[in-house]
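# Structural description and commentary
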Amino acid sequence: MRKNVIKLLARQLWQDAFRSKVMLIASALMLFLLLFSAYSGYENYHDQNFTRDEIQHEVQESWENNPDKHPHRMSHYGSFALRLKHVLSVFDLGMENFVGNAVFLEAHKQNTVNFSEASMSTGLLRFGEVSLAMLLKVIVPLLIFYLGFATIAQERENGTLKLLIGQGITRKEIVFGKWIGLWSLSLIFLISIFLVLLLFVLLESHNSMLTDSFLRYLVLLISYFLFFGILSAITILVSAFSATAKGALVKLLGIWLLFVIIVPKSLQAMGFYLYPTPSKIEMETAVEHDLIELGDSHNPDDPHFKALKDSVLLANKVTDVNDLPFNYGGFVMSKGEELSAEVYLEHQEGLYEVYHKQNNLERYSAFINPYSAIKNLSMAFSGTDFQSFLHFKDEAETYRFKLAQDMNQLQMDFIPNKGKEGPNTISSDYWKEFPPFQYHFLSIREVLKNELTSLIALLLWSILSVFGLLKLSTNLKAI
Amino acid sequence: MYSLLFKSFFRTKIFLVSLVLLMSVGVISIFIGKQYLVKQEKTIAAAEVFQEESIKKNIEYHSEDLGLLLYYLRFTLIKKPENISAISIGQSDVNPLMQAVTIRALEAQKYDTDFENPSLLMSGNLDLGFVIIYLFPLVLIAMTFNLYSEEKELGTWRILAAQTSGKAGFLFKKMAVRILFVFVVLIVLMFLASTILQISMSANFWAIFLQSILYLLFWSALCFWMVSLLKNSSFNALALISIWVVLTILIPALVNNYVINTYQVPEALDAMVEQRDGYHEKWDMEKGATMTEFTKAYPEYKSYPVPEDEFSWIWYYGMQFMGDFAAKETSTEMMEKVMLRNTVSEKVALFVPTMHAQLSFNNLAKTDMMSHSAFLKALTKFHEDLRLGFYTKIFENKPADSVDWSTHHVKFYTSKRDVNWIYLMLPTVLITMLIGIFAAINLRKL
């Protein structure tokens, strides 16, 4: 392959593209969409995080300002965890608006994460949302197909392909020249969007986060770079194997509809159909049932708690719980909290297991649909996928559990047993010692691990694309 | 003439592909709707058992103390499922079907969600509404984009032009055959849906049906207009798909982004905190701070004593009431904002048939935000009725058996809304007619 010939062919494709109306309209539309989605994405990110950060502080302040009281009252006073958005959510909204944003954390009870944007929206949300990533995932592929469907098919129809070959240009040079031309053309959109994104990453990442955000940014950039290469290769291949340009266009449009709209949605629906999930009330019933089996702290004759009591009495060599050196009520509650949290999390784990099965159908389709690969990668590295949400939920639950148990410990240590002398409240200084809720995003290592399937699929597609183009180079029909 | 056109249409590849695609995806979507209904039924059955058993179990432990018993007991209000919802599942997967509430502060319980897989919420339900709004137009485009250009490109147009008197009439008839086919598929799917999902033939069902017909007429007019420009096949395909992308993806998504950003709802989070503080801070205040507002709202409980130095249930439930009271204003503002989002979306939708179709499907299937907000209102009323029903007995420290528990099974809420036919039909009819006129003008030149 001669470099200058390939360059020439690629430049030819650029010239043709810029002469056509499609490129003009597409560029104008993309510019408008880029500005709109960058603005609305940033506004959303900024305003939401501002509000949530403010409320999180308020919550901590009011926690610390509580007067002296019984620690168990504090564990019912509880706290809130508010989900912060990752700066890259400006790029890809992912599930951002479909998962909850705030959860009330109190003793004895795992509350749901509420107030998702979806729960406050109209039916329009189902049409999807415009984001920078959506432009790259959904709109640009269509543009690549528009700009590239005619490349080889049209030249063959016009008879110019025969001329090119007659002039001594090899088939390989034609195929790769066209491919590189189309791919580089699509990179105009990629680069302009990623330049805007870079600005946000640099602007909004604080020192500790910068490296992480930047690495995420790089993975996203490389993934989309490969994705466009794959799409360009598909375009060239379809164009080369179609008798007419019109036929190539119709085929490519069909591929776009199937891969971007119909297949992902159908597979997600199918996953849901194949693996039904319980409703909340069903799960709550099951949790309660299991808890009663294990030990019911309300029931004075419950064997589990009776045995616990006997062993505590024996260990401390007393006959009455009120003679124990610690507050017995606090002790029972801390054991109860341990038990109920364990049972609840076990059931929740089971539920997420089913969700994963539901999602896996679509996830594994990445091997036949490159769009699925990029969709999952893009969400994950933007911190807006399901795993990121679960990570928040885990952190909130850990905090809740610690809050309840610390308060139980304070009760055990400082609150006298029934009938004993002593104050029924403890100093408010203890509240200030309890640290505020702080959310940490998933580390990039974790994200990489979660998205291994999608990464492998994308790489396989890249290899397959080059392989396909090489194959085409040997048997491209000139007429 | 028509029989020949039908025959030649039936011989095309696209006819078979369309038929298989629409029928298979359509039937799948109906079964997805069926599964949605089955899940609702199961949930309701579980809720009934849950409530009955939890009342029974808790009475066992707390029969002496009604105040404590009612601290635990949860009472369920269920939005009565309607089979028509299965056609357009809309927002009903995001918003829960039911809420099981204690008589403590409602604000902390009202917005609890059900469990749903967020990936599924994001990709949306593959319901019949989706098939009608997204797939039917695509099929129409696929069948009509080369209505004229194909004949021209194959060279058959000149023969045809020589043989027929009305060339525009011929194109129109060719178009009519395809529209008729799409309508037949639609009617078959609607019929299947009504039998498989057991939907009663209410005004809402017919309204959805009519809206679908109009919506498809709109797309037919659009395709016909594109044909009337007499461009080549590639141009038509490219232009029509672009229009489809703009109408079903870009414009609705742009409007949605705009609405979400313009009317942000930080009130939701504020109300959540206000409710907790409004209740909890009362523990550390003198009882008057609670009782003044409580007895102002419910003067009938003024005569019950509230001892200053010890716990009493009237004070406790008064404090709970204060939680809701503190959040009331912000909570109302929140719902107003949500409704504003709804109103703005609906207004814009009047000019965009895809959005109008989706929103009116959800409206007619009672799966939209309006329907959920009405449910939340009913829940507030349900909660108040519960409280007022129990207050006297709690405050008089009656035992658990003073209440007739057999009347406290799960309750259902049914909504009523009339179909506004003009509002529903007129926007699409007008837009369709306008496009039709443009197409007719173009074809005059033929």
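An account of the accompanying structure is given in this report. Please read all numbers here as calculations on a predicted model, not as lab measurements.

## Quick notes on the overall build of chain A
Across its full length, chain A carries 17 helices and 3 strands. A compact globule built from 479 residues would reach a C-alpha radius of gyration of about 23 Å, whereas chain A, at 30 Å, exceeds it by more than 25%. Considering chain A as a whole, with its 479 residues, one finds that 58% of them fall into the buried category. Pairs at least 24 apart in sequence give 82% of the contacts found in chain A among residues at least 6 apart.

## What to know about the interface of chain B and chain A
With 89 residues of chain B in contact, the opposing surface of chain A contributes 94 residues. Approximately 8500 Å² of surface area, both sides summed, lies buried where chain B meets chain A, with 66% of it carried by carbon and sulfur atoms. Among the residues of chain B in contact with chain A, Phe115, Met122 and Arg276 of chain B are the three that bury the most area, contributing 9% of the side total. Where chain B touches chain A, the interface holds 6 salt bridges. Two residues, Asp93 of chain B and Arg126 of chain A, come together in a salt bridge whose shortest N-O distance is 3.0 Å. Scanning the region where chain B abuts chain A turns up 39 residue pairs in polar contact (both at pLDDT 80 or more). When contributions to the side of chain B that touches chain A are tallied by element, the ones reaching two or more residues are α2 (13-62), α3 (66-72), α5 (118-123), α6 (128-144), α11 (233-262), α12 (267-280), α14 (313-349) and α15 (353-364) of chain B.

## Examining the packing of aromatic side chains
Using the criterion set out here, one finds 75 aromatic pairs over all chains in the structure. Taken together, a centroid distance of 5.9 Å and an interplanar angle of 40° make the contact between Tyr352 of chain A and Tyr355 of chain A tilted. Placement of both Tyr352 of chain A and Tyr355 of chain A in helix α12 (residues 328-364) is noted, with a separation of 3 residues, approximately one turn of the helix. The class of Tyr352 of chain A is buried, set by a relative accessible area of 9%. Classification of Tyr355 of chain A by relative accessible area gives buried; the value is 3%. Between Phe9 of chain B and Phe10 of chain B, the aromatic rings sit 5.9 Å apart at their centres with planes inclined by 40°, giving tilted as the arrangement. With a relative accessible area of 43%, Phe10 of chain B lands in the partly exposed category. Here the aromatic cluster, defined as three or more aromatic residues joined through ring pairs, consists of Tyr71, Tyr72, Tyr279, Trp283, Phe311, Trp313, Trp315, Tyr316 and Tyr317 of chain B. It is Lys69 of chain A that lies over the ring of Tyr77 of chain A; its NZ or CZ is 5.6 Å from the centre.

## Topic: the nonpolar core
Of all hydrophobic cores here, the largest spans 189 residues; its most connected members are Phe91, Tyr224, Phe228 and Trp256 of chain A together with Phe136 and Trp244 of chain B. Examining the composition of this core, we find that 16 residues originate from one element, helix α10 (residues 203-228) of chain B, more than from any other. When sequence neighbours within four positions are dropped, the list of residues in contact with Trp244 of chain B reads Trp256, Leu257 and Ile261 of chain A together with Tyr134, Pro137, Leu138, Ile141, Trp219 and Ile249 of chain B.

## Description of the layout of surface pockets
If you add up the space inside the second largest pocket, you get close to 1400 Å³. Forming the walls of the second largest pocket are 46 residues, and the residues nearest its centre are Ser20, Val22, Tyr146 and Phe149 of chain A together with Leu238 of chain B. If you list the elements that add at least two residues to the lining of the second largest pocket, you get α1 (3-19), α2 (21-64), α4 (132-148), α5 (151-158), α6 (160-166) and α9 (245-274) of chain A together with α11 of chain B. Across the lining of the second largest pocket, the residue classes tally to 26 nonpolar, 12 polar and 8 charged.

## Some remarks on the sheet that holds strand β1 (residues 75-79) of chain B
All names here are of chain B. The 3 strands are arranged β2-β1-β3 in an open sheet whose pairing can be described as mixed. Taken across any chain shown, the strands that pair with only one partner, and hence form the sheet edges, are β2 (98-101) and β3 (411-413). Sheet twist, expressed as the mean angle between neighbouring strand axes with direction ignored, is 20°. The sheet contact formed by β1 and β3 spans 3 bridges and is parallel. Across the sheet, residue Lys79 finds its bridge partner in β3, namely Tyr413.

## Concerning empty space enclosed by the protein
Tallying each qualifying case throughout the model produces 12 cavities of 30 Å³ or more. If you add up the space inside the largest cavity, you get close to 610 Å³. In terms of lining, the largest cavity is formed by 26 residues, of which the most central are Phe127, Gly128 and Tyr371 of chain A together with Met122 and Ser123 of chain B. Breaking the lining of the largest cavity down by element, the ones donating at least two residues are α4, α9 and α13 (370-381) of chain A together with α5, α6 and α11 of chain B.

## Focus: the packing of α4 of chain A against α13 of chain A
Any two packed helices are characterised by the angle at which their axes cross and by the distance between the axes. Residue and element names in this part refer to chain A. Here α4 crosses α13 at 175°, and the two axes come no closer than 11 Å. In this view, α4 runs roughly antiparallel relative to α13, as classed from their interaxial angle. Note on element contacts: α13 touches α4 through Tyr371, Ile374, Lys375 and Ser378, opposite Ala133, Lys137 and Val138. For the contact of α4 with α13, a count of residues per class yields 4 nonpolar, 1 polar and 2 charged.

## Some details on the pattern of salt bridges
When the charged atoms of two side chains with opposite charge come close together, those side chains can pair. Evaluated as defined, the whole model comprises 30 salt bridges over all chains. In this structure, Asp16 of chain A and Arg19 of chain A form a salt bridge, with 3.5 Å as the shortest nitrogen-oxygen distance. On the criterion of helical spacing, the pair formed by Asp16 of chain A and Arg19 of chain A is a turn pair, its members being 3 residues apart in helix α1. As a salt-bridge pair, Asp406 of chain A and Lys402 of chain A come within 2.9 Å of each other at their nearest N and O atoms. Of this pair, Asp406 of chain A and Lys402 of chain A both sit in helix α14 (residues 386-414), 4 residues apart, which is roughly one turn of that helix. The exposure class assigned to Lys402 of chain A is partly exposed, which follows from its relative accessible area of 39%. Ionic contacts of the salt-bridge type, sharing partners, join the residues Lys69 and Arg73 of chain A together with Asp284 of chain B into one network.

## Looking at the sheet that holds strand β3 (residues 109-110) of chain A
On the basis of which strands lie adjacent, the open sheet formed by 3 strands has the order β1-β2-β3 (chain A) and antiparallel pairing. If you trace the sheet from one side to the other, it starts and ends with β1 (79-82) and β3 of chain A, each paired once. This element, α14 of chain A, spans β1, β2 (102-106) and β3 of chain A of the sheet and lies at about 25° to β2 of chain A. Taken strand by strand, α12 of chain B contacts β1 and β2 of chain A, and its axis lies near 170° from that of β1 of chain A.

## Looking at α10 of chain B
Its 26 residues place the ends of α10 of chain B 37 Å apart at the C-alpha level, agreeing with the 38 Å of an ideal helix rising 1.5 Å per residue. For α10 of chain B, the tally of buried residues reaches 21 of 26 residues, placing the bulk of the element in the interior.

## A few points about a nonpolar patch on the surface
Residues and elements named next belong to chain B. Together, Met201, Trp206, Leu210, Trp421, Ile422, Leu426, Leu430 and Met433 line one region of the surface with nonpolar side chains, adding up to about 810 Å² of accessible area. Where the nonpolar patch is concerned, the elements lending two or more residues are α10 and α17 (421-444). The element contributing the most residues to the nonpolar patch is α17, with 5 residues. Position of Leu426 relative to the elements: it lies in helix α17. On the basis of relative accessible area, Leu426 is assigned to the partly exposed category, the value being 42%.

## Quick look at the pairing of β1 of chain B
Residues and elements named next belong to chain B. Of all the 5 residues making up β1, 5 are buried; the element is thus mostly covered by neighbouring parts of the structure. Of the two faces of β1, the one holding Phe75, Leu77 and Lys79 and the one holding Thr76 and Ile78 are both buried throughout. Examined bridge by bridge, β1 and β2 share 4 bridges and lie antiparallel to one another. Bridging from a neighbouring strand, Ile78 pairs with Met98 of β2.

Each value, and the rule that gives it
Residues numbered from 1 in each chain as written. Chains lettered and ligands numbered in written order. Predicted model: local features only at pLDDT ≥ 70, side-chain atom pairs only at ≥ 80, totals over all residues. Heavy atoms only, no water. Helix = DSSP H or I, 4+ residues; strand = E, 2+ residues; numbered from the N terminus. Rg over C-alpha atoms; globule rule 2.2 N^0.38 Å. Buried < 20%, exposed > 50% of the residue type's maximum accessible area, 1.4 Å probe, protein only. Contact = heavy atoms within 4.5 Å. Buried area = accessible area lost by both parts, 1.4 Å probe. Salt bridge = Lys/Arg side-chain N within 4 Å of Asp/Glu carboxyl O. Polar contact = N/O pair within 3.5 Å; in protein donor to acceptor, adjacent residues only side chain to side chain. Phe/Tyr/Trp six-rings, centres within 6.5 Å; stacked < 30°, edge-to-face > 60°. Lys NZ or Arg CZ within 6 Å of the ring centre and 35° of its normal. Core = buried A, V, L, I, M, F, W, Y, C linked by side-chain atoms within 4.5 Å. 1 Å grid on protein atoms, 1.4 Å probe; cavity = no way out; pocket = protein on both sides within 12 Å on 5 of 7 lines; lining within 4 Å. Points joined across faces, edges and corners; volume = space filled by probe spheres on them. Nonpolar A, V, L, I, M, F, W, Y, C, P; charged D, E, K, R; others polar. Pairing = 2+ DSSP bridges. Axes fitted to C-alpha atoms, helices over the stretch in contact; angles between N-to-C directions. Parallel < 35°, antiparallel > 145°, perpendicular 65-115°, else oblique. Expected span 1.5 Å × (residues − 1). Patch = residues over 30% accessible without salt bridge, like charges linked within 9 Å, V, L, I, M, F, W, Y side chains within 5 Å. Areas by Shrake-Rupley, 256 points an atom, 1.4 Å probe, with all protein chains shown as cover.

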